[in-house]
Amino acid sequence: MQEEFPKPSDTIGLSPRVLLPAAVEEQPSSTENERQTATCSSGSCYRESGRACLDDEEEFVDILEERRHSSDLGFALRTFNPQLLKNVQPCSAAQLTKVVLESQYLRYMAKEIAMETGSSVEEVREEACGILEEMSHNLQLGAIRLMGYTLSKVFKRIFSSILVNMEGLNMLQQAIKESPVILMPNHRSYVDFLVISYILFSYDIPVPVIAAGARNAGMKMVGEILRRSGGFFIRRAIGSDKLYWAVLSEYVKTIVRRGIAPLEFYVEGLRSRTLKSMVPKFGMMHMVLEPYFKGEVYDITLVPISISYERVLEESLLVHELLGVPKPKESTMGLLKASKVLQEDYGSMHVNFGRPMSVRHLCQGKINRCQYNLIPRDLPQQPSAEAQACVSWLAHLMVRVQEDGCLISPWSLMSCLLLQAPTTVLSKEGLLWHQLTEKTLWLRKLALDLGAHLNWPGNVPDSDVMSSSAAIHRSVVQRKAGRVYLVQEEEPARKHPISPKEGVIRTAAAVLMLASYRNQSVHVFVRPAVLATAVHVTQSTRRDELFTFFCFLQDVLANEFIFIPGKSSQDFEEACFLLKKCGAIHISQQEVTVSDAGLEVLSFLRALLQPFIDSYQVMFRYLCEEGVQVFSEKQLLPAVRSLATKLILSGELHTYEALSSDTLKNVLSALRRLETVTKLRATEQNEYRVNKAAVRRISDILSGKIPPQMLQTTPDARL
C-alpha cells in the first residue's frame, strides 16, 4: 500500500515556512477573496458565519453509515493523502521542537529569565527543553490509523449516527490550502476532539494538533496514543511561570505562522459541566492571533465547530462534579472502568463545521497593526488595550457562532418544560405524558420562530420522536401509566433512612441532569427571556426603562450567558424583534406592550430564567448576612450550598440549581467583575471582601424593589 506522507518516518508533519516581512505580504488567492467576502466584520456576522449548511437537513451525512457496511481495518489502512497549506513541505515533530528552541524570542526570554533568577542561560534553556518534551505532540500516522480503527468500533456501538454537514467540511478542506487554520469547537465531552480528528481522517483532511490538558498525558499508554494522535499538553495552572508561558506561546505561534497543521483548541478553556456555553478565555486566542497582528502571516482562518449531542457520555459524572464530588483523576484504569458506556445508547451526534472566517476581514477597523512595527517582532510585547478588546470580541463571537450552529434535540425542549413543573410533582405524582407532549410541540414552534435549528425528524410521527427521546434518557425520567417521573439514583442498602439533606442532594442530581440538557437550547431563548423578565420586574411599558433593566440584567448574568461586549443595544433590538415576530409583544417608538397571545410565551421565558436569578439571590442573601465580611472561595461554596439546602427544605427556594458549584462560581465571578467583591492581596488562600451595600442593591434591583428610573441609563454601563 502506498504511504501518504513523503517522509518515510510516518510522521504527519510540519514544515518551516518562509516568513514575509510586513511590507511584502503575499496576496490572497481568488478563493480566499471569496471566503473573505463570505464573512463580515460587524458584531452581527455570527448569523451568516455560523449557519453554514443548516437550512437543508439533507446536507448532513451520517459518516457511520458506510462504516456499518465496510471493513474497519480497510478504512484505517487505506491511503491517506491530505493536502496541506500551499508551498508547505512536511517535517517531523522533532524539527518543530528544534525551531521553537532556536527561536530568537525564546533566546531573548531565556536571557531575561536567567538574569531575574540568577541561573545560567544554559540552565534556563535546559528547563525550556524539558517543558517542550512534556508539552509537545508527536503526531504519527500509525497512531491515527489505530485511533481510526478503534473509534469506528466504539462509535458504531454507542451512537446511532454521527451527522456531518458536508458543505462546511468542503469549505474547510479548501481553507486549509489558503492560510493557517484554527479549529474552534465547543467542548461538552471528551469525545469532542476524538470525533473531529476521526472526521478529518475519514475525508483526507489534515489531522489537527490539539491543545489538551496536561492531566491526559499522565494516563499510561492512552496519554502516549493521544500525543501521537496530535495532542499537545498544557498545564491548567501556569500562574506567573514566565518560562512556561514563553515556551507555550512560541510553540503555538510557530505552528500557526509556519502552517504546520490545523490547530485545534477550545476557546471556552474547559469542558462545560453544565452543557451551556462558557465565557471564553483569551490566552490561547491571543497566541494564535498574534502572528497576524505582527504581520507574520497574511491571514488566519477561524473555523467554529458546533458539536451537538443527543446524550452526553459523561452526564452522571458531570452532575456529581457540580454537587461537589471531586473529579476523578484521568487514568487508564478509569477509562477501562468507564467501558460500561459501550452498553448504552447515546443517540445521534451532529458536527456542524461553520463557515471559515477570515481574521483579516473580521479585524478591519478594529486594530491598528502598525503599532507592532515599532518593536522587533522577536521581542515580547504587552498587548495594547485595542488588541485585548479585539481578542475579547473575536472570542465571544466564536462562542456565539458555535451556539448558533448547534442543533437542538427534542429532549432539550422537553427538559425546559419538565424543569418548570414542581419537583414534587415530578418525583411523586408524575407529570401527565400527553400534557408534556402537547406543550413540547408548542415549544417547538416557539423555538423555530426564534431561529432555532432542531434535530427533529420530519418523517417520524411526533409522538414517536418524543417517546424515543424519553427512552434514550431513561436514566433521568421514566414513563409509567401515562405519566413521567424523575428518576433518582438507587441507594445501596443502608441501616438508617435517608436524611432530608441527603434527599435534597439525590433529587438535585436528577434535576441538574435535566438542567444540563435544557442548557443545550437556552441560548435560543436567553435574549427574549431577559426582555420578558424586564417587562415582569419593572411593570413598565417604556422602551427606555425596559432597556435600562435589560442592560442591568445582562451585566449581572454576563458570566452565565454569552453576550458580546458592547452589543446590548443590538441584543435588546433582537429580543424585541423576536418577541414581536412570535406575536408576544407590540412595539411602538416609545413603548413595548404585551399582547394577549404573548402571556404564555413571556411566562415560559421568565420561568426559564428564574432558576438562575433565584440562585444568584441565594448567594446575595448569604453574603449580606451579619457574620460574612471576609471569606475564601473554599468556605463560600459549602456555606451557600448549606443555605440553599435549608431554603429548599423549608419550601422557600424551589430551584435545586442553587446547589451547582458552577453557578455559584459564576455568581462570584460576576460580583468580582462588578467590583462588589474584591480579592484581598497577600493572603495564602483566595480571600475576598464583600461590599454588602452594593450586593444588597443588586438584589433589590433584581427583585424590583428599586425601580428602573433609579438605574444608570447609559447603555452597557457598569453597575
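Residues numbered from 1 in each chain as written. Predicted model: local features only at pLDDT ≥ 70, side-chain atom pairs only at ≥ 80, totals over all residues. Heavy atoms only, no water.

Draft legend 1. Here's a closer look at the overall build of the protein chain. A tally of regular secondary structure across the protein chain gives 30 helices and 17 strands. By residue count, 56% of the 719 residues in the protein chain fall in the buried class. Put simply, 79% of the contacts in the protein chain that link residues at least 6 apart link residues at least 24 apart. Entry remark: accessible area of the protein chain is about 30700 Å², with carbon and sulfur atoms responsible for 52%. (Helix = DSSP H or I, 4+ residues; strand = E, 2+ residues; numbered from the N terminus. Buried < 20%, exposed > 50% of the residue type's maximum accessible area, 1.4 Å probe, protein only. Contact = heavy atoms within 4.5 Å. Areas by Shrake-Rupley, 256 points an atom, 1.4 Å probe, with all protein chains shown as cover.)

Draft legend 2. Broad picture of the pattern of salt bridges. Within this structure, the stated rule accounts for 34 salt bridges. Here Lys253 ties to Glu290 by a salt bridge, and the two come within 3.0 Å at their closest N and O atoms. Here Glu290 lies in helix H14 (residues 283-293) and Lys253 lies in helix H13 (residues 242-257), a separation of 37 residues in the sequence. You can call Glu290 buried: its relative accessible area is 10%. In this structure, Asp449 and Lys445 form a salt bridge, with 3.1 Å as the shortest nitrogen-oxygen distance. Separated by four residues within a single helix, Asp449 and Lys445 lie in helix H21 (residues 433-449), roughly one turn from each other. Within the structure, one salt-bridge network assembled from shared partners comprises Arg271, Arg273, Glu314, Glu321 and Asp662. (Salt bridge = Lys/Arg side-chain N within 4 Å of Asp/Glu carboxyl O.)

Draft legend 3. Layout of the nonpolar core. Ranked by size, the top nonpolar core spans 223 residues in total, and within it Phe159, Met285, Phe525 and Leu623 carry the most contacts. For this core, the leading source of residues is helix H27 (residues 599-623), giving 14 residues. Not counting the four nearest positions on each side in its chain, Phe159 is found in contact with Leu64, Arg68, Val191, Tyr309, Leu313, Tyr346, Gly347 and Met349. (Core = buried A, V, L, I, M, F, W, Y, C linked by side-chain atoms within 4.5 Å.)

Draft legend 4. Local environment of the sheet that holds strand S10 (residues 431-432). Pairing in this open sheet of three strands is antiparallel, and the strands run S10-S12-S11 from one edge to the other. The strands lining the two open edges of the sheet, one partner per strand, are S10 and strand S11 (477-480). Bridge count between S11 and strand S12 (residues 483-486): four bridges; the pairing is antiparallel. For Gln478, the partnering residue across the bridge sits in S12 and is Tyr485. (Pairing = 2+ DSSP bridges.)

Draft legend 5. Looking closely at the packing of helix H6 (residues 104-117) against helix H7 (residues 121-135). At a minimum axis distance of 8 Å, the contact between H6 and H7 shows a crossing angle of 120 degrees. Relative to H7, the element H6 lies oblique. Where H6 crosses over H7, the handedness of that crossing is right-handed. For the pair formed by H6 and H7, the contact residues are Arg107, Ala110, Lys111, Ile113 and Ala114 on the first element and Val121, Val124 and Arg125 on the second. In terms of residue class, the contact of H6 with H7 is built from five nonpolar, no polar and three charged. (Axes fitted to C-alpha atoms, helices over the stretch in contact; angles between N-to-C directions. Parallel < 35°, antiparallel > 145°, perpendicular 65-115°, else oblique. Left-handed = near helix turned anticlockwise from the far one by under 90°. Nonpolar A, V, L, I, M, F, W, Y, C, P; charged D, E, K, R; others polar.)

Draft legend 6. Structural context of the sheet that holds strand S16 (residues 677-679). Sheet architecture is open: three strands sit in the order S15-S17-S16, paired in antiparallel fashion. With partners counted over all chains shown, the strands left at the sheet margins are strand S15 (630-632) and S16, one partner each. Ignoring which end each strand starts from, the neighbouring axes of this sheet average 35 degrees apart. Two strands pair when backbone bridges link them, and S15 and strand S17 (residues 687-690) are joined in this way by three bridges, in the antiparallel orientation. Each bridged residue has a counterpart across the sheet, and for Val630 the counterpart in S17 is Arg689.

Draft legend 7. Region of the structure containing the state of the cysteines. A complete count under the given rule lists zero disulfides for this structure. Considering cysteine sulfurs only, Cys390 is the nearest to Cys363, which forms no disulfide, with 3.5 Å between them. Judged by its relative accessible area of 3%, Cys363 is buried. (Disulfide = S-S within 2.5 Å.)

Draft legend 8. Representation of the packing of helix H19 (residues 410-418) against helix H23 (residues 500-519) within the structure. Two elements in contact, H19 and H23, have axes whose closest approach is 7 Å; the angle formed by their N-to-C orientations is 125 degrees. Classed by the angle they form, the pair H19 and H23 counts as oblique. Seen from above, H19 lies across H23 with left-handed handedness. On H23, the residues touching Trp411, Ser412, Ser415, Cys416 and Leu418 of H19 are Leu514, Tyr517 and Arg518.

Draft legend 9. Just the environment of Trp393, in detail. Its location among the elements puts Trp393 in helix H18 (residues 385-404). Given a relative accessible area of 6%, Trp393 falls into the buried group.

Draft legend 10. Layout of unusual backbone geometry. One non-glycine residue, Leu275, adopts positive backbone phi at about 65 degrees. Here Leu275 lies in the loop between strand S6 (263-264) and H14. With relative accessibility at 6%, the residue Leu275 sits in the buried group. Within the chain, Glu675 stands out as a residue other than glycine whose phi angle is a positive 60 degrees. Along the polypeptide, Glu675 turns up in the loop between helix H29 (661-673) and S16.

Draft legend 11. View of H6. Taking 1.5 Å of rise per residue, 14 residues should cover 20 Å, and H6 covers 20 Å from first to last C-alpha, within 8% of that figure. Every buried residue belonging to H6 is among Tyr105, Leu106, Met109, Ala110, Ile113 and Ala114, and all of these are buried. Projected down its long axis, H6 carries its buried residues within an arc of 160 degrees, all on one side. More than 90 degrees from the buried face of H6, the exposed residues found are Lys111 and Met115. Taken together, the buried residues of H6 touch helix H5 (93-101), H7 and H13. (Expected span 1.5 Å × (residues − 1). Arc of directions from axis to C-beta.)

Draft legend 12. Highlighting a nonpolar patch on the surface. Together, Leu73, Leu77 and Tyr149 make up an exposed nonpolar region whose accessible area comes to about 260 Å². If you trace the backbone, Tyr149 turns up in helix H8 (residues 141-158). Tyr149 gets classed as partly exposed once you look at its relative accessible area, which sits at 32%. (Patch = residues over 30% accessible without salt bridge, like charges linked within 9 Å, V, L, I, M, F, W, Y side chains within 5 Å.)

Draft legend 13. Fine view of the packing of aromatic side chains. Tallying each qualifying case throughout the model produces 16 aromatic pairs. Centre to centre, the rings of Phe75 and Phe201 are 5.5 Å apart; their planes meet at 80 degrees, and the pair counts as edge-to-face. One end of the pair, Phe75, is in helix H4 (residues 72-77); the other, Phe201, is in helix H10 (residues 191-202), and 126 residues separate them in sequence. Residue classification places Phe75 among the buried residues on the basis of a relative accessible area of 6%. (Phe/Tyr/Trp six-rings, centres within 6.5 Å; stacked < 30°, edge-to-face > 60°.)

Draft legend 14. Spatial organisation of the environment of Val319. In this fold, Val319 is placed in helix H15 (residues 315-322). The class for Val319 is buried, based on a relative accessible area of 2%. Sequence spacing of Val319 and Arg273 is 46 residues, and the spatial spacing of their C-alpha atoms is 7.3 Å. Among residues more than four places away in sequence, those in contact with Val319 are Ala509, Leu512 and Met513.

Draft legend 15. A look at the confidence of the model for the protein chain. Predicted confidence across the protein chain gives a mean pLDDT of 86, with 87% of residues reaching 70 or more. Within the protein chain, the lowest mean pLDDT, 42, falls on helix H2 (residues 46-50), and the highest, 98, falls on H19. In the model, residues 1-53 has pLDDT below 50 throughout and makes 150 contacts with residues more than four positions away in sequence or in other chains. Between residues 713-718, whose pLDDT stays under 50, and residues either more than four places distant or in other chains, the model counts 14 contacts. (pLDDT = per-residue confidence, 0-100.)

Draft legend 16. Structural context of H29. Compared with the 18 Å implied by 1.5 Å per residue over 13 residues, the 18 Å span of H29 between its first and last C-alpha is a close match. Taken as a whole, H29 has its buried residues at Ser661, Asp662, Thr663, Leu664, Asn666, Val667, Leu668, Ala670 and Leu671. Just downstream of H29, Glu675 is the residue with a positive phi angle, here 60 degrees.

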